[in-house]
Amino acid sequence: MHASEVVDLCRKYSLFEWGTQDVNPLAIDRGEGCYLYTMDGREILDFNSIAMNVNIGHGDQRITSAVSKQMEKISFVSPFMVTEVRAEVAKKLAEVTPEGLTKSFFTLAGSDANEAAIRTARLVTGRRKILSRYRSYHGATHQVLALGGDPRREPVEGGMGDIVRIPDPYHYRCPWITDEKEFCKFNLDQIKQIIQLEGPHTIAAIIVEPITGSNGLIIPPDGWLSGLRALCDQNGILLICDEVMTGFGRTGDWFASNHDGVTPDIMTVAKGMTSGYLPLGACIVSDQIAEAVHDRPLGSGLTYQSHPVALAAANATIPIYETDNLIERSQEMGTYLLNGLNELASRHISVGEVRGSGLFTAMELVYDQESRLELFPLTGPAATADQEMKKLFADEGLACVLRGPYLFANPPFVVESHQIDWALSVFDRALDIADSATASAGAPIPSHSQ
Ligand SMILES: Cc1ncc(COP(=O)(O)O)c(C=O)c1O
């Protein structure tokens, strides 16, 4: 089939996610390393690991062969049966996650891993309320979409009861407290007050992305996550770390919780576990939680959980982080990328802040440096400059994400410095467009500020 025919048929007979059906998708033929190849022969640099999940890069035949070997044996068993791959992946997860996390409940993706985490927390504590952050995203099934503070929650708002939102450790948006330690204490004190006002005995868990991903790549100050851990411990509240996006080396360590030496009670993972080769997630619990649910029915399960073929993909992917030194590579290339982004920031008035940890990086674009007004809105109609930037990326063959004011750069860990250099040269031109929409270029105040 020709690329245009594929696009037409997909438009005619399938529905697309998230937005309206007025879409013009790329027709992808194959992928290799950091590149995607379209059906009409274009080469695209994948600078977002597709959905920040293809950490090991595209087209790794080690995964293909592990998956096909599993399929030659058996493709599906009931979740009540067990397979060698289930045993191996569960053991590996207990080894690579923070000490104390021991048992995995395998799911189909990140969303249902978070559903399982919430359900387990409520079951174990006998409490109902879940605290979550405004700038957070925990998935798109009905309950967890309502749980996250991401504006995408709007259509399902109220879909999950007993949610209380807490403020984010987002230092850039709290400029009146300049000292980072002081800001960290201020934010934790706010959360402490909310816990007291809600009643600690009513709160089952606090769920956080240790580094917020799609809502702006917000890196909390050092000591914030361990401070939150302490608050949870003081109040008998469980800490759930959603590492769906940050897990498996994305932030330069196996898990973002490691940066603050924190073991959550429950950790959820997905994306990097199979590097996107097949859908799989896990809700990983501590010994204490595992013990607590031993005699209490979990009351949850889907036909395709613990799917042997998806587990075979994970079983082949996880060791690659070690054999190919990909965690170190995420650190090393992340530093290279961050330096490049900071250099761009020094020349572009639209860049408010650059944030990064490993190959998890983003720029926040602002209307002017003083007010820090976001240049583009997270919701509503896209600004002209936003559309022009996206067009430039598409024309140049750079796959990256500009979501509201956040320009993300999250390539696969196999990225090379010349690929980063080229992507930064495209960013440079895109930021010229962003600069032209700022106060210093005389552009009008963005309408979303009113
Ligand atoms: C932090 C976080 N949690 C959960 C999810 C949902 O995962 P999935 O789309 O695999 O259901 C995502 C997806 O982007 C995510 O970034």
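Residues numbered from 1 in each chain as written. Predicted model: local features only at pLDDT ≥ 70, side-chain atom pairs only at ≥ 80, totals over all residues.

Section: the overall build of the chain
Quick note on the threshold: A run of H or I in DSSP counts as a helix once it spans at least four residues, and a run of E counts as a strand once it spans at least two, with each numbered from the N terminus. Throughout, radius of gyration means the C-alpha value; the globule benchmark is 2.2 Å times the number of residues raised to the power 0.38. Burial is judged by counting other C-beta atoms within 10 Å of a residue's own C-beta: 20 or more means buried, 12 or fewer means exposed, and anything between counts as partly exposed, with every C-beta placed from the backbone. A pair of residues counts as a contact when their C-beta atoms, built from backbone coordinates, are separated by no more than 7 Å.
Secondary structure summary: the chain contains 13 helices and 15 strands in total. Over its C-alpha atoms the chain spans a radius of gyration of 22 Å, differing by no more than 12% from the 22 Å that the globule rule assigns to 450 residues. Along the longest, intermediate and shortest principal axes, the C-alpha atoms of the chain span 65 × 55 × 40 Å. A burial count over the chain gives 47% of its 450 residues as buried. Considering only contacts in the chain between residues 6 or more positions apart, those separated by 24 or more positions represent 74%.

Quick look at the sheet that holds strand β13 (residues 398-399)
Convention followed: Two strands make a pair as long as DSSP finds a minimum of two bridges between them.
On the basis of which strands lie adjacent, the open sheet formed by 4 strands has the order β1-β2-β3-β13 and mixed pairing. The open sheet terminates on both sides in strands that have one partner only, identified here as β1 (28-32) and β13. Bridge count between strand β2 (residues 35-38) and strand β3 (residues 43-46): 3 bridges; the pairing is antiparallel. Directly across from leucine 36, in β3, lies its bridge partner isoleucine 44.

Notes on the packing of helix α3 (residues 61-73) against helix α10 (residues 308-323)
Inclusion rule: Note on method: axes are straight lines fitted to C-alpha atoms, helices fitted across the in-contact stretch only, with angles between N-to-C directions ranging 0 to 180 degrees. It is the rotation of the near helix from the far one that decides the hand of a crossing: anticlockwise by less than a right angle makes it left-handed, clockwise makes it right-handed. Under the scheme applied here, ten amino acids are nonpolar (Ala, Val, Leu, Ile, Met, Phe, Trp, Tyr, Cys and Pro), four are charged (Asp, Glu, Lys and Arg), and all others, including Gly, are polar.
Axis separation between α3 and α10 bottoms out at 8 Å; the angle between their running directions is 145°. As α3 runs across α10, the sense of the crossing is right-handed. For the pair α3 and α10, the contacting residues are Arg62, Ile63, Ala66, Val67, Gln70 and Met71 in the first and Pro308, Val309, Ala312, Ala313, Asn315, Ala316, Thr317 and Ile320 in the second. Class assignment of the residues belonging to the contact of α3 with α10 gives a composition of 10 nonpolar, 3 polar and 1 charged.

Some words on the nonpolar core
The criterion, for reference: We define a nonpolar core as a collection of buried residues of the types Ala, Val, Leu, Ile, Met, Phe, Trp, Tyr and Cys that are connected via C-beta atoms lying within 7 Å of each other. Note that the domain bounds reflect an automated or database-derived domain assignment.
Counting 115 residues, the largest nonpolar core has Ile266 and Ala313 as its most contacted members. Tallying contributions element by element places α10 first for this core, with 9 residues. Domain assignment of the residues forming this core places at least three in each of domain 1 (3-56 + 325-449) and domain 2 (62-323). Those residues in contact with alanine 313 that sit more than four places away from it in its chain are Ile63, Ala66, Val67, Thr274, Tyr277, Leu278 and Leu280.

Examining the domain arrangement of the chain
Partitioning the chain into domains gives domain 1 (3-56 + 325-449) and domain 2 (62-323). Placing a centre on the C-alpha atoms of domain 1 and another on those of domain 2 gives a separation of 26 Å. Across the boundary between the two partners, domain 1 contributes 29 residues, which contact 25 residues of domain 2. Among the elements of the structure, α2 (49-52), α11 (326-347), β11 (351-357), β12 (360-365) and β15 (406-409) are those that each provide at least two residues to the side of domain 1 that touches domain 2. A total of 5 residues in the side of domain 1 that touches domain 2 trace back to one element, the largest contributor, which is α11. Taken together, the residues that form the side of domain 1 that touches domain 2 break down as 14 nonpolar, 10 polar and 5 charged.

Here's the deal with helix α13 (residues 417-435)
Threshold: The length a helix should cover is 1.5 Å for every residue beyond the first. In this description, the arc belongs to the directions extending from the helix axis to the C-beta atoms.
The terminal C-alpha atoms of α13 lie 26 Å apart, and with 19 residues this matches the ideal 27 Å at 1.5 Å per residue to within 8%. Residues Ile420, Ala423, Phe427, Ala430, Leu431 and Ala434 constitute the buried set of α13. Summarising the axial view, the buried residues of α13 lie within an arc of 105°, below the 170-degree limit, and thus occupy one face. Exposed residues lying more than 90 degrees from the buried face of α13 are His418, Asp421 and Arg429.

Some remarks on the sheet that holds β12
Pairing is antiparallel across the open sheet formed by 4 strands, whose spatial order is β11-β12-β15-β14. Each having just a single partner strand, β11 and β14 (402-403) make up the two edges of the open sheet. Inspection of the sheet shows β12 paired to β15 by 4 bridges, in the antiparallel sense. Looking across to β15, one finds that threonine 361 is bridged to alanine 409.

Considering the environment of threonine 125
Relative to the helices and strands, threonine 125 is located in helix α5 (residues 110-125). Residue threonine 125 is classed as buried on the basis of its C-beta count, with 20 C-beta atoms lying within 10 Å.

Concerning the site of the ligand
Defined as follows: Should the C-beta atom of a residue, placed from the backbone, lie within 6 Å of a molecule or strand, that residue is near it.
Around the ligand, the surrounding shell holds 14 residues, and the nearest of these are Ala109, Gly110, Ser111, Gly139 and Val244. For the shell around the ligand, the element with the highest residue contribution is α5, accounting for 3 residues. Tallied by class, the residues present in the shell around the ligand amount to 5 nonpolar, 7 polar and 2 charged.

Quick notes on the environment of isoleucine 420
Along the chain, isoleucine 420 falls in helix α13. Not counting chain neighbours up to four residues away, the residues in contact with isoleucine 420 comprise Met333, Tyr336, Leu337, Gly340 and Val415.

Re the pairing of strand β10 (residues 281-286)
Among the 6 residues in β10, 6 count as buried, and that is most of the element. Sheet topology note: the strand β4 (residues 101-107)/β10 ladder contains 6 bridges and is antiparallel. The residue bridging lysine 103 from the neighbouring strand is valine 285, located in β10. The pairing of strand β9 (residues 266-269) with β10 spans 4 bridges and is antiparallel. Counterpart to methionine 267 in the pairing with β10 is isoleucine 284.

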